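Now for the letters of each chain:
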Amino acid sequence: MKPYARISLKNKIFISILAVILMISVTIALLARWILISGLTKELELRGIAVAHSIAERGGGFVLDKNYSELLSLIFEEARLRERQHMINYIFVLDRSEKVLSHTFTVPFPGPLSTANPVLEGNMHSVRLVAVGAQTSYDIAVSMNEGLYRIGTVHVGLSKEHIDKLVAKLRFMFLGFISAVIIIIFYVSHRISRYITSPISRLTNISDELSRGNFDVHLDLGEGLDWAVTNCPAYKDTNMPCWHFDEQGRKSRKSEGKTGQVCSTCLFYRKRGGDEVIQLADSFMSMVWSIRLYRKRLQESEMKYRSLFDSGPDPIFVVDCNTDLILDANPRAEELYEYSKGELLGVSFMVLGHDQVRECLTSLNDAVTNSGCVYYPKVLHYKKGERPFYVNMHACPISYGGTHAMIVAVTDITEMMEKDAQLVQAAKMKTLGEMSAGIAHEINQPLNAIKMGSEYLNLLIEQNREVTETQIRDMATEISQQVDRATDIINNLRAFGKKSGLVMERVDMNEPIRGVLSIIGRQFSIQRITIRLELGEDLPYIKGHNNRLQQVFFNLLNNARDAIQEKMESEPGMWGDILVRTYAREGRVFASFADNGPGIADSVRNKIFEPFFTTKQTGKGMGLGLAITYGIVRDYGGTITIDSQPGQGTTFTLSFPSVENHQALEHNATRVDKKTEQPSETSQ
Amino acid sequence: MTQEKILVIDDEKATLKMFRLFLDVYGFDILTAESGEEGLEVFDREKPDIVLTDIKMPGMDGIEVLQQIKKRSPATEVIVITGHGDMDLAIQALNLDAADFINKPIQRQSLEQGLARAKERLKLAKSRQNEVSVVRQGQALVIEIQGSVSSHSEPYLREAYSKAQEAGVQRIVLHFDPNTSVNGAGIAILTQLVLESEKDGVEIVMAGLSENFRKVFGIVGLTRMVQIFDSLDEACA
């Protein structure tokens, strides 16, 4: 079948039709031959038998009368009767004893002939092929009866040549007819196959041209069609979808619930009446039109995205996922990273981002299999000359030039982070101011003790009293302890005021809480607010900055205090109560601050984290405390939940991922801050 | 001589310890309490003559302790201890009839003086001496003031003032004994007198005021209206 598959459709049709016709012809010929020839022979035989019978009837009398001359004239008459003379070779009559009574041979009677075809007893006749001289004849023998007695036998010799001649004539005519039919079919099938295949080969040529991108190929497919794609409104207006063709568009239109714009009559899409070939041509034309339309749109879209890529305000890279090489970069990337495009292309993306980028790439490669984009906030990148700066990185997998690649969009957040840090720092300084009264009181205590101790020693000396060694040691120890106490407070303050570096450290949640309490605890108790601590032991570490967490806790405690004091105004004599709890659960570390203040009204609960929102009296708060608190907590991957019963109090619960969990999160590349060994940007 | 009972209330153990040492040297019978509540308890039990109390304390604070003590025994000398330079609280305490105030960190000198003044006042109160007397000295009329200047002192002061007016002097010297204590009401009366004297065309000057009360007078604005001299002689000159 292989060679058959390779030949053209035209020839396939042609050959197939021809083969079928030939087979039918041969079958008919064979059938006809069998029917016609045997029929003809039979008929001729019957005619011979009839002649023989007629002679036997009429010649019976002559045989009995032994009037052989009459018999002879009879058989000659029968033999020469019109066209019978061509058919009958001879006639002869035998008597009962097989003696030849008369015959039509012009030559002496060939002897063996009389016994060549005997009529057996009981048979009316017998037919047998006999050779007489050069001729072959069908010898038909019929018995001649007179009453019940057989008086002789009539033999009629039918010329086989004559019969063959007739058959040959018939065969010639029949074959001629069949040949004529075949020739006609040959011609017709040739025409049909050409009719079917010629548009197909034309379509093939056209689509070859189209594949090569030659869209200006002359589409000679239909008559009377002015075929210019530029006439279509959807071609000029790329935003206008063509609903005739665009199944996808139809779907999206349905989902968007748009009715869409539909041309009342499409300029191009039409179905002419006609056979399948015409319909195929129409359909093909529509397809070509559609391809041209969408190819143009694709070009436009490509140009659009190219210009987005080029003019985007943020650097964008295309990075090969397997080799980490930069495949493309936009001008903004050159500007920010200070490499020229030539330097960027073909360079490993690692050069820009070092280890952080490697981590990112690995996890992206994992994520790519799940498909979807990954967001990396605050990643350290390097400009030319290894100058570090912070970026947010957004990576999405794509297929680029057949390779597995990703689009990396990068936002320079250095300035933002600086501003952030400044804001946090400013807020901290403000907090410090708010704390100052407490701090002064707190430092005054040890100072007072020291002062009194030294004055006491002076007093003793002035009064010339005896000072025992124990007294002095006692005093010295006491003074030393008090100095330590003051130093602790000052250290705490200094740590609090220090601008935190960008690198996060491992923090035991209890530490900042204790730190804050050492500064403000006393002040709170003076203000009739008890702070109860239920600190969990052996808490897992979290990632953050001790002093920023202190700021967070201070803010929360400060707010609790303000709330309680507000309630105290209406309920003098009440005692404030703040319960601070820390505990670990499900890979997170929690810190909750429950106060017995007035609670937070539902109406403002959603607003309290907004910047500049405050319920405090004018001048008492800027409304930045909680906003900054929230910012810090979010930075550490934490959450804040508020549970408040108006009139009963408020509970702020903070939760942070523990370090192990944090790392797990980093691995999953969901919400990450990756810093392990980076240069701290600032420390005072 | 019987030792005066003194009660010290402070939430700082270290401070209490120091007070105990100090006051022992000064020869007081010392009682201590670590909170306002405990302080009142001890006060009720022991009836001390002098109470030293910190103002800023958890729970019952010094102001409340002061009020409670003054309610139970107005004669008790209550000296409040204030945070460094916190004059607002000091004045608030004075308004509530605190006898004196001492700033933290506590200087020996101010503690000694404060205690000495308190002792003096107690003595005066016991002898029930007239707290205000008028003496003519040169061109000026000197009103000698001892003990505590409070609402009780008003009639005496008024009497002395009218005497001075009668004498027809141009300058009245308010000469405070170094142990004098002036409470809020006292300050109000003094201010009133000064304002009246301006109207009457008489100049009032002050002398002998202890350091503490100079500060207080400064804060309430009296020093802007009257001249204050260190000694009586300077004031009369």
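Residues numbered from 1 in each chain as written. Chains lettered and ligands numbered in written order. Predicted model: local features only at pLDDT ≥ 70, side-chain atom pairs only at ≥ 80, totals over all residues. Heavy atoms only, no water.

- Under an unreviewed UniProt entry, chain B has the name Anti-anti-sigma factor and belongs to Desulfomicrobium apsheronum.

A closer look at the sheet that holds strand β7 (residues 326-329) of chain A
All names here are of chain A.
- Strand order in the open sheet formed by five strands is β7-β6-β10-β9-β8, with antiparallel pairing between adjacent strands. Whereas interior strands pair on both sides, the edge strands pair on one side only; in this sheet they are β7 and β8 (374-383). Across this sheet, the average inter-strand angle for adjacent strands is 35°, counted without regard to direction.
- Looking at chain direction, strand β6 (residues 316-320) and β7 are connected through three bridges and run antiparallel. (Pairing = 2+ DSSP bridges. Helix = DSSP H or I, 4+ residues; strand = E, 2+ residues; numbered from the N terminus. Axes fitted to C-alpha atoms, helices over the stretch in contact; angles between N-to-C directions.)

With respect to the side chain of Ser143(A)
- On the secondary structure map, Ser143(A) appears in strand β4 (residues 135-146).
- Setting aside chain neighbours within four positions, we find Ser143(A) in contact with Ala56(A), Val119(A), Asn123(A), Met124(A), Arg150(A), Gly152(A) and Thr153(A). (Contact = heavy atoms within 4.5 Å.)

Focus on the packing of aromatic side chains
- Scanning the entire structure with this criterion turns up 16 aromatic pairs over all chains.
- Between Tyr90(A) and Phe92(A), the ring centres sit 5.6 Å apart and the planes meet at 20°, which makes this aromatic pair stacked. We note that Tyr90(A), like Phe92(A), is buried.
- Measuring from centroid to centroid gives 6.1 Å for Phe22(B) and Tyr26(B), while their planes differ by 35°, and the two rings are tilted. On the criterion of helical spacing, the pair formed by Phe22(B) and Tyr26(B) is a turn pair, its members being four residues apart in helix α1 (residues 13-26). For the pair Phe22(B) and Tyr26(B), a shared accessibility class is recorded, and that class is buried.
- Among the aromatic residues, ring-to-ring pairing joins Tyr90(A), Phe92(A), Phe105(A) and Phe109(A) into one connected group.
- A cation over an aromatic ring shows up here: Lys383(A) above the ring of Phe389(A), its NZ or CZ 5.2 Å from the ring centre. (Phe/Tyr/Trp six-rings, centres within 6.5 Å; stacked < 30°, edge-to-face > 60°. Buried < 20%, exposed > 50% of the residue type's maximum accessible area, 1.4 Å probe, protein only. Lys NZ or Arg CZ within 6 Å of the ring centre and 35° of its normal.)

Here's the deal with the pairing of strand β10 (residues 403-412) of chain A
All names here are of chain A.
- Note that β6 and β10 share five bridges and pair antiparallel. Residue pairing for β10: Phe317 is matched across the bridge by Val408.
- Here strand β9 (residues 387-400) runs beside β10; their pairing, made up of ten bridges, is antiparallel. Its bridge partner lying in β10, Cys396 is registered against Ile407.
- The turn joining β9 and β10, which pair antiparallel and follow one another in sequence, is formed by two residues; a positive phi near 55° is taken by Gly401.

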